[in-house]
Amino acid sequence: MKRQFSIKDYLNMLLAHIKLIVILPFICAFLSYTYTIFLITPTYSTSMMIYVKNTDAASEKDSDYENYVTSNSSGTKVNPYNMSASAAIAQTCSLLFSTNRFMTEVLADSELETENSYSPGTLKGAVTFSSVNDSQVMSVSITLTNPNDTVQILNAIFRQSEKYYKGYFPTGQIFMVEEPNKPSAPISPNLSKNIIYGFGAGLAVAVGIALLIGFIDTSIKSGDDLYKIYDIPVFAEIIDTST
């Protein structure tokens, strides 16, 4: 007859291996801590924000120019056409600045130490250009293993972006509205999260082992086991006096 397990049986299986269930999670958490500290290379990230300003000199000379301008809260005149054009240019710039040619010139401008040098392809994968909410503002972020290099490269990107902008667009210019700051702490790995994952994995493995041992254990430990397996009541038990 197939053996039936109750909640009490499961609890007994776990209690029978309580030491394993208590110790193994801490061992796995320690191993996870050791692996994170000594084997995973930390990565650092920082970013800067660039403002793309488009000025159409021809439109300002047009007699209808005043019909298109509005005033903001500070009284400064704003041309909606130039704002939308700047937003489109910002998206175009994010593509132009993502090329291997641009990254090659950035590396030459950054003057990084030889041991920290990168290839254009590696740098291209580490840098992300994006237009903020489809506006004139462009966010540039970088993730590297050396925190000092992140700032150096972003500053070089801004210098090269100014040159590229003047080469591709006849009017307007680029401003840095938020400078990159040296990251003070790595964004990866997350030590606390990895320790929790290690503890949880150890606990799951320990519980699994305890239950597996209980499932494959076919020995009869009490009269209740006989009744559950064979549905035969036990009238008496012989005590083992040899132990």
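Just so it is clear, the model here is predicted, and its values are computed rather than measured. Throughout, a residue's number is its position along its own chain's written sequence, starting from 1. Since the coordinates come from a predicted model, pLDDT governs what is reported: local features require at least 70, and pairs of side-chain atoms require 80 or more to be given and counted, while whole-chain, interface and lining totals use all residues. Hydrogens are left out, water is left out, and the side-chain values use all remaining heavy atoms of the structure.

**Quick word on the sheet that holds strand E1 (residues 44-53)**
How we decide: Only strands joined by at least two bridges in the DSSP assignment are considered to pair. Labels follow the DSSP assignment, with helices taken as runs of H or I lasting at least four residues and strands as runs of E lasting at least two, numbered in each case from the N terminus. Working convention: axes come from line fits to C-alpha atoms, limited for helices to the stretch in contact. Angles between N-to-C directions cover 0 to 180 degrees. Contact between two residues is taken to exist if any of their heavy atoms lie within 4.5 Å; hydrogens are not considered.
Read across the open sheet, the four strands follow the order E4-E5-E1-E6; overall the sheet is antiparallel. At either margin of the open sheet sits one strand with a lone partner, and together these are strand E4 (127-131) and strand E6 (173-178). Between one strand and the next, the sheet's axes are offset by a mean angle of 25 degrees, whatever the strand orientation. With five bridges joining them, E1 and E6 adopt antiparallel strand pairing. Bridging from a neighbouring strand, Met-49 pairs with Glu-178 of E6. Lying over the sheet, helix H7 (residues 147-168) contacts E1, E4, strand E5 (137-144) and E6, oriented at roughly 20 degrees with respect to E1.

**Some thoughts on the packing of helix H2 (residues 18-38) against helix H8 (residues 191-216)**
Each pair of packed helices gets described by two things: the angle between the helix axes and the distance between those axes. To be explicit about the condition: It is the rotation of the near helix from the far one that decides the hand of a crossing: anticlockwise by less than a right angle makes it left-handed, clockwise makes it right-handed. In this classification, Asp, Glu, Lys and Arg are treated as charged, Ala, Val, Leu, Ile, Met, Phe, Trp, Tyr, Cys and Pro as nonpolar, and every other residue, Gly included, as polar.
Direction vectors running N to C along H2 and H8 enclose 145 degrees, while the axes themselves pass 7 Å from each other. The handedness of the crossing between H2 and H8 is right-handed. For the pair H2 and H8, the contacting residues are Leu-20, Ile-21, Leu-24, Pro-25, Phe-26, Cys-28, Ala-29, Ser-32, Tyr-33, Thr-36 and Ile-37 in the first and Leu-191, Asn-194, Ile-195, Gly-198, Phe-199, Gly-202, Leu-203, Val-205, Ala-206, Val-207, Ile-209 and Ala-210 in the second. Across the contact of H2 with H8, the residue classes tally to 18 nonpolar, five polar and no charged.

**Description of the packing of aromatic side chains**
Note the following rule: Aromatic rings from Phe, Tyr and Trp, with only the six-membered ring used for Trp, were paired whenever their centres fell within 6.5 Å, and each pair was classed as stacked if the ring planes differed by under 30 degrees, edge-to-face if by over 60, and tilted otherwise.
Applying the stated criterion across every chain, the model contains ten aromatic pairs. Seen in terms of ring centroids, Phe-26 and Phe-199 are 5.3 Å apart; in terms of plane orientation they differ by 80 degrees. Their pairing is edge-to-face. Taken as a pair, Phe-26 in helix H2 and Phe-199 in helix H8 lie far apart in primary sequence, 173 residues in all. Taken together, Phe-97, Phe-102, Phe-129, Tyr-164 and Tyr-168 form an aromatic cluster joined through their ring pairs.

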